[in-house]
Amino acid sequence: MADRRGAGPGERYAVGGAVGRSVPRKDGIGKASGSARYADDLVFPGMLYGRTIRTTIPCGRIRSIALEFDPAGFTVVGHRDIRGRNVVALLVDDQPCLVETDVRHGAEPVLLLAHEDREKLLAARVAVVYEPGTPVFDPEHSPRSFKDLVIEKGTLAAGFASADFVVEGTYRTGHQEHVYIEPNGVVAVPEDGGIAVYGSIQCPFYVQQALATLLGPAVSRIRVIQTETGGGFGGKEEYPSMLAGHAVLLALKAGRPVKMIYDRAEDMLATTKRHPAIVRHRTGVTRDGRLVAMAVDVVIDGGAYATLSPVVLARGAIHAAGPYRCPNVRITGRAMFTNTPPNGAFRGFGVPQTAFAVEVHMERIAEALGMDSVRLRERNALRPGDTTVTGQRMGQDCSARQVLRAALRKSGYHRKRKAYAGTDRGIGLALYYHGCGFTGSGEVRLASRASVELTATGVRILSSSTEFGQGTRTMHAQIVADALAMPYDQVEVALPDTSLVPDSGPTVASRTCMIVGGILERAATELRERLGGLPPAEYFRRHGPLKVTRQYQQPEWIRWDETSFRGDAYATYGWGCDVAEVRLDRDTGEVHPLRLTAVTDVGKAIHPALARGQIEGGTAQGVGYALLEHVVMREGLMANAQLANYQIPTTLDTPRIDVILLENPYPGGPSGAKGLGELPMNGPAPALVNAIRHLGLDLRSIPALPEAVLEAMCVSR
Amino acid sequence: MRFTLNGNPADVAAHPMARLLDVLREECGLTGTKEGCGEGECGACTVLVDGEAVCSCLIPLAHVEGAEVTTIEGLGAAHPLQRAFMDEVGAQCGICTPGMIMAAVTLGTRPSLATIRTRLAGNLCRCTGYEAIYRAIRRP
């Protein structure tokens, strides 16, 4: 351990020494021993089970609902039981918690039932009579949009006028299902004068606020407690507000606890998925490979309600020109209504779609120029001082060229590119980035708070940031331990319970380390100053409790205009470059991924093993997105809503993943750290499709199923 | 129905066709065994029946009469594999972990990577990309 005396600000982290080390996870033993308690593990006296009766047509009106069972012992809830507003409050309050008459998709909740006996509950029949309408399933032919946007830089016409070549292309990406291994689930428990909800939840305060709207002023005490959560990936960002609403309505009517745990089929059928996208590129480029004009049109399928589609679209569109400098850009975007269950947040939040498009398009631009695609990327990659499409000037932590070069070197790209030519192997790459934290002024609006308080044995972190595998508790405790120059194991992390912790904003958008970690670092630093040199436990013994709460402060230099999409879209960006190697089975069309080299710059890896795990896991999800995961939609619903028919990567489908971490620090993050969670989702799909392209196959959509590959092989012959 | 559960005799009065998963979680109070899909695809409910890794969501209680059933609780909290999963961050969200460890227990000492990949192909993990799980199982 370094000497504490005379340590300058840069050396502060050596004092505690937790940051930068792979310390034991706070939640390690509970998970390895099976003692960690997830929503379905909770049992309360007198508990009932809840069930959702859903619509069976994608569009129309409900004429009548009839119970075809003996209601004795059942609690039945319809929309008339709602005392507040019948909405799932989020960005736009358009989605009802229970359908009244208008049906917008085929898995909408209509009626809720609860019973203590699950077999009787499942046997209950409800007859719903409809007046069917005409559904819309194609987002490009939908008459309604949730959001339209335009982002402009320079003059597109002048850019095209100076181009030697114009390259066009359309790229498509499909739905993706989260497949957290623990499905959505909550337990609602009536408490003295109010209600408590325990659940598998990413954002407890989203749920708390949605419940307050739903229940109205009659129920004043609402607390939401996150249980151990078996994966989220965005899929437990907004949907738990709906599910918690249902459980709470039943529990309040029954006056008894109600557990609602979706089975896999219901979870896949009714909850959110990644937005399918259609991205059109038209790019002007000079003979020597300078991008001079980029027109990009992004259409995403929002589904039946707005949920988070407007902000998914915004993030996707902001990243749509890729990590490249181009003086003249026009990006248009639309999030469209369709009669399908609403799509929502999923790791990457619109960027995996647009990153796929631009990186496959870059490959095609290089082909049109007869230029090596690495050279094309080298020439145009953002450097410090360059501006993005929103006019944001890149800081010194812009690492596009560094990650590209490291990926080439570590993977042996150039050598293999030559060696694989004419074989059944291919190699391809993708360069990508990801904005950290909420888009634009989102972080200012959130005004997140977090606290550090003294305990008899050390300190406790109070925040609403949730742990669902990423390592929130561990990483926050490391940051606080070092800021207080105290041992890591004396830092506790409080359970996120909205009645006990401040609102630190949602656990989404790669913000939990950089934003909330930064607030905690400030709170802990101030606490240290107030301790006057005493160890925390000793101060507590002598003087009693002490708590420091801090709120997010936006860096002064950030400027953003919400209406024109001009300015600093994100405080900073994480950078990545993936190299994919594949083998093609020419008989079956199957593409076997052999190896993924992922080079990532996250500013600083607070916990190197956790950071590596995030990149490996995100990369595997990207492999599934690219090659395996196919949501088959029939009449507006997922037809393959079982794990037997929707395949995520198993051990045998997941290639070797080599992770290289670069650490070019961001001065505004704790110890220089940036956001990481979403970044690794952006690269694998374009890298894999570019590797398939190396085999001479022109694919422009994912998933690249064997059928699509065989079709491309027929065309290429 | 009588069987041996984690080394102790168990006698459960449940329907013979009840899923072993439900019996373990609800009758025996052993919630370390998780349900991820209920269709035998994800392996989160993996337990050992007479030393063989099986999906307890597919096994009726009648099937284990007289058999020896081992769940994650049967390993205690100090099994070398549990330690290795903690040290190598083989668990992220943790929901697949009990099943993954129970499947890994059957691999013996120092299995090859190819063996691990084949034998764990029935245990899905959505968080790790499996690399950290391999590191845990192959730890010297």
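Residues numbered from 1 in each chain as written. Chains lettered and ligands numbered in written order. Predicted model: local features only at pLDDT ≥ 70, side-chain atom pairs only at ≥ 80, totals over all residues.

Trainee: So what about the overall build of chain A? Which residues, and what values?
Mentor: Each helix and strand counted, chain A has 19 helices and 28 strands in total. Relative to the 2.2 N^0.38 estimate, which gives 27 Å for 717 residues, the radius of gyration of chain A is 26 Å and therefore close to what a compact globule would have. Counting only residues that meet the buried cut, chain A has 59% of its 717 residues in that class. Within chain A, residue pairs in contact and separated by at least 24 positions form 82% of the contacts whose partners lie at least 6 positions apart. (Helix = DSSP H or I, 4+ residues; strand = E, 2+ residues; numbered from the N terminus. Rg over C-alpha atoms; globule rule 2.2 N^0.38 Å. Buried ≥ 20, exposed ≤ 12 C-beta atoms within 10 Å, placed from the backbone. Contact = placed C-beta atoms within 7 Å.)

Trainee: Got a sec to walk through the overall build of chain B? Specific residues and values, please.
Mentor: A count of helical and extended segments in chain B gives five helices and five strands. What you see in chain B, going N to C, is helices and strands ordered as β-β-α-β-β-β-α-α-α-α. Taking 2.2 N^0.38 as the reference for a compact globule, 140 residues should give roughly 14 Å; the C-alpha atoms of chain B span a radius of gyration of 15 Å, in line with that estimate. When its C-alpha atoms are laid out on the principal axes, chain B stretches across 40 × 25 × 25 Å. A sequence separation of at least 24 residues applies to 58% of the contacts in chain B between residues at least 6 apart.

Trainee: Please set out the environment of A:Leu520 residue by residue, giving values where relevant.
Mentor: Residue and element names in this part refer to chain A. Mapping leucine 520 onto the fold places it in helix H15 (residues 512-531). Given 28 C-beta atoms within 10 Å, leucine 520 falls into the buried group. Each C-alpha atom of the pair leucine 520 and glutamate 378 lies 38 Å from the other, and the pair is 142 residues apart in sequence. Once residues lying within four places of it in the same chain are set aside, the contact partners of leucine 520 are Ala450, Val452, Ile461, Ser463, His476, Ile479 and Val480.

Trainee: Account for the interface of chain B and chain A, with residues named and values stated.
Mentor: Every contact between the two is made by 37 residues of chain B and, on the other side, 42 residues of chain A. Every element with two or more residues in the side of chain B that touches chain A is listed here: helix H2 (80-87), helix H3 (97-105) and helix H5 (131-137) of chain B.

Trainee: Explain the domain arrangement of chain A residue by residue, including any values.
Mentor: Residue and element names in this part refer to chain A. Looking at chain A, the domain boundaries give domain 1 (9-36 + 448-551) and domain 2 (396-436 + 564-717). One C-alpha centre belongs to domain 1, the other to domain 2, and the line joining them spans 33 Å. Taken residue by residue, the interface counts 17 residues in domain 1 and 18 residues in domain 2. Within the residue set of the side of domain 1 that touches domain 2, elements represented by two or more residues are helix H14 (472-483) and H15. In terms of residues, the side of domain 1 that touches domain 2 owes the most to one element, H15, which gives five residues. Grouping the amino acids of the side of domain 1 that touches domain 2 by side-chain chemistry returns seven nonpolar, eight polar and two charged. (Domains from an automatic or database assignment. Nonpolar A, V, L, I, M, F, W, Y, C, P; charged D, E, K, R; others polar.)

Trainee: Summarise the sheet that holds strand E6 (residues 126-132) of chain A; cite the residues concerned and give the values.
Mentor: Within a sheet, each strand pairs with its neighbour through backbone hydrogen bonds, oriented either parallel or antiparallel. The sheet built from three strands is open, its strands ordered E4-E2-E6 (chain A) with antiparallel pairing. Looking at the sheet topology across the chains shown, the edges are occupied by strand E4 (102-103) and E6 of chain A. (Pairing = 2+ DSSP bridges.)

Trainee: Run through helix H5 (residues 204-215) of chain A, naming residues and quoting values.
Mentor: All names here are of chain A. Along its 12 residues, H5 runs 16 Å from first to last C-alpha, staying within 8% of the 16 Å computed at 1.5 Å per residue. By the criterion of burial, H5 is predominantly enclosed, with nine of the 12 residues buried. Taken together, the buried positions of H5 are Pro204, Phe205, Tyr206, Val207, Gln208, Ala210, Leu211, Leu214 and Leu215. At its buried positions, H5 is contacted by strand E10 (194-199), strand E11 (221-226) and helix H6 (239-254). Trailing H5 by a residue or two, glycine 216 shows a phi angle of about 75°, which is positive. (Expected span 1.5 Å × (residues − 1).)

Trainee: Break down the nonpolar core for me, citing the residues and quoting the values.
Mentor: All names here are of chain A. With 263 residues, the main nonpolar core has Ala188, Val197, Ala247, Val248, Val480, Leu688 and Ile692 as its most contacted residues. With 11 residues, H6 is the largest single contributor of residues to this core. Those residues within four positions of isoleucine 692 in sequence are excluded, and the remaining contacts are Gly426, Val582, Val591, Leu697, Leu699, Ala704 and Val709. (Core = buried A, V, L, I, M, F, W, Y, C linked by C-beta atoms within 7 Å.)

Trainee: Lay out the domain arrangement of chain B with the relevant residues and their values.
Mentor: Residue and element names in this part refer to chain B. Looking at the assigned domains, one finds that chain B contains domain 1 (2-74) and domain 2 (76-137). Its C-alpha centre places domain 1 at a distance of 20 Å from the equivalent point of domain 2. Taken together, the 13 residues of domain 1 in the interface contact 12 residues of domain 2. Element by element, the count of residues in the side of domain 1 that touches domain 2 is highest for strand E3 (residues 46-49), at three residues. Partitioned by chemical class, the residues of the side of domain 1 that touches domain 2 number seven nonpolar, five polar and one charged.

Trainee: Quick one: what's the story with the confidence of the model for chain B, residue by residue and with numbers?
Mentor: Put simply, chain B has an average pLDDT of 97, and 100% of its residues get 70 or more. For this predicted complex, the interface score ipTM comes out at 0.98, alongside a pTM of 0.97. (pLDDT = per-residue confidence, 0-100.)

Trainee: Lay out the packing of helix H9 (residues 351-369) of chain A against helix H10 (residues 373-380) of chain A with the relevant residues and their values.
Mentor: All names here are of chain A. The N-to-C vectors of H9 and H10 enclose an angle of 110°; their axes lie 8 Å apart at closest approach. Here H10 runs roughly perpendicular to H9, going by the angle between their axes. From H9, Met362, Glu363, Ile365 and Ala366 reach across to H10, where they touch Ser373, Leu376 and Arg377. Of the residues that constitute the contact of H9 with H10, the class distribution is four nonpolar, one polar and two charged. (Axes fitted to C-alpha atoms, helices over the stretch in contact; angles between N-to-C directions. Parallel < 35°, antiparallel > 145°, perpendicular 65-115°, else oblique.)

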